[in-house]
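Listed here are the chains, written in short residue letters.
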Amino acid sequence: MTLSGNILITGGSGTLGHAIVRTALQEAWDCAITIYSRSELRQAQMRQRYPGLRYVLGDVRDYDRLQAAVTGHDVVIHAAAVKRIPEAEQQPVNCYETNVVGSMNVARACIAGGVKRCIGISTDKSCRAITAYGASKLAMEKLFQAQPISQCIFTLVRYGNVVASNGSVIPLWRQQAKEGKPVTITDPEATRFWMGESEAVRLIEDAAFNGMGTIRVPKMRSLSLAELAATVAPDAPIISTGYRSIEKKHEDLVHTDEAAESLDGYYLIRASGTTGHSYTSYDAPRLMPAAFRAMLSEAEAHE
């Protein structure tokens, strides 16, 4: 099932917003899309590529402007977030105001504006959170799950890295290799989850039709950072730099204390209950280099 009606995407001028718009146009979704974001430059660049959309400059921290923008929409995809871990550790108030207060504003605006569905975009960092960013996304999940029964159904997705998303290390590693320099890696043995842009969009579509307060978590594949470097910068030497801030060696998508049901290809987490499921990047199936290169080609074809 594809999304339809009037769709607003917070943080919509980022990588995920572009992927959603591209998919909607390619598959001829029966919808009209509004991009709500605070970057003038990114909106201007996106407008050149997709002039048929509606664009609203605004910040999710500004409730009044957000509420005015949301009103009249059927679906809201909440992708706006402060995401860079070192900066979130150094300036946690900014992270909290966007990721927690901003998410509270989104929930309030959706209920006040008569929105039917709101899908929150979360991260593997929220599972067993140890960083300011992860904690802020965990709070967002709890906020959405705690919303009262109303016309608006709140659901969430939780996933790891999307290949070639903004802030990716891949362009940096390629440039280092091109210049004959070693590739700088925090920890070659660390593992991370990866998925393609089209997979992320499909996940959001599917989550939109799940039940109130659920979190849809794909059973993603993973790569060690050494395996990743060997795929995007083959034959380049590696230097381990150590972690930038507080980071896990292996990421978690589902923890044993969460109420997760294991289904075909994904987990569905509910607001309450217990489970014995655990899904980490160390134990997850490995992503084959050819599959990763296909994801990377998909992303770079649209840059």
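What you are looking at is a predicted structure, and each value in this text was computed from that prediction instead of being measured.

(A) Structural context of the overall build of the chain. The helix and strand inventory of the chain stands at 10 helices and 16 strands. Against the 2.2 N^0.38 benchmark of 19 Å for 303 residues, the chain shows a C-alpha radius of gyration of 19 Å, consistent with a compact globule. In terms of overall dimensions, the chain has a C-alpha envelope of 55 × 50 × 40 Å along the principal axes. For the chain, restricting intrachain contacts to residue pairs at least 6 apart in sequence, the fraction spanning at least 24 positions comes to 78%. Here the chain displays about 13300 Å² of accessible surface, and carbon together with sulfur accounts for 52% of that area. When the 32 basic and 32 acidic side-chain charges of the chain are each reduced to a single mean position, those positions are 2 Å apart.

(B) Up close: the sheet that holds strand S3 (residues 54–57). Strand order in this open sheet of 9 strands is S3-S2-S1-S4-S5-S6-S10-S15-S14, and the pairing throughout is mixed. Lying at the two open borders of the sheet, with one neighbouring strand each, are S3 and strand S14 (259–263). If you compare each strand with its neighbour and ignore which way they point, the axes differ by 20 degrees on average. Inspection of the sheet shows S14 paired to strand S15 (residues 266–270) by 5 bridges, in the antiparallel sense. Bridge assignment links Ala260 to a residue of S15, and that residue is Ile269. Set on the sheet, helix H1 (residues 15–26) makes contact with strand S1 (5–10), strand S2 (31–37), strand S4 (75–78), strand S5 (117–123) and strand S6 (153–159); between it and S2 the angle comes to about 170 degrees.

(C) Inspection of the nonpolar core at higher detail. Ranked by size, the top nonpolar core spans 62 residues in total, and within it Ile77 and Tyr159 carry the most contacts. Apart from the residues lying within four places of it in its own chain, the contact partners of Ile77 are Leu3, Ile7, Leu8, Ile9, Thr10, Ile20, Ile119, Ile121 and Ile204. Membership of the second largest hydrophobic core comes to 20 residues, among which are Val183, Trp194, Val232 and Ala236.

(D) Fine view of the pattern of salt bridges. Scanning the entire structure with this criterion turns up 22 salt bridges. Its salt-bridge partner being Arg61, residue Asp59 comes within 3.1 Å of it at the nearest N-O pair. Arg61 gets classed as partly exposed once you look at its relative accessible area, which sits at 31%. Residue Glu300 is joined to Arg174 by a salt bridge in which the shortest nitrogen-to-oxygen separation is 2.3 Å.

How each quantity is defined
- Residues numbered from 1 in each chain as written.
- Predicted model: local features only at pLDDT ≥ 70, side-chain atom pairs only at ≥ 80, totals over all residues.
- Heavy atoms only, no water.
- Helix = DSSP H or I, 4+ residues; strand = E, 2+ residues; numbered from the N terminus.
- Rg over C-alpha atoms; globule rule 2.2 N^0.38 Å.
- Contact = heavy atoms within 4.5 Å.
- Areas by Shrake-Rupley, 256 points an atom, 1.4 Å probe, with all protein chains shown as cover.
- Lys, Arg positive; Asp, Glu negative; His and termini not counted.
- Charge placed at Lys NZ, Arg CZ, Asp CG, Glu CD.
- Pairing = 2+ DSSP bridges.
- Axes fitted to C-alpha atoms, helices over the stretch in contact; angles between N-to-C directions.
- Core = buried A, V, L, I, M, F, W, Y, C linked by side-chain atoms within 4.5 Å.
- Buried < 20%, exposed > 50% of the residue type's maximum accessible area, 1.4 Å probe, protein only.
- Salt bridge = Lys/Arg side-chain N within 4 Å of Asp/Glu carboxyl O.

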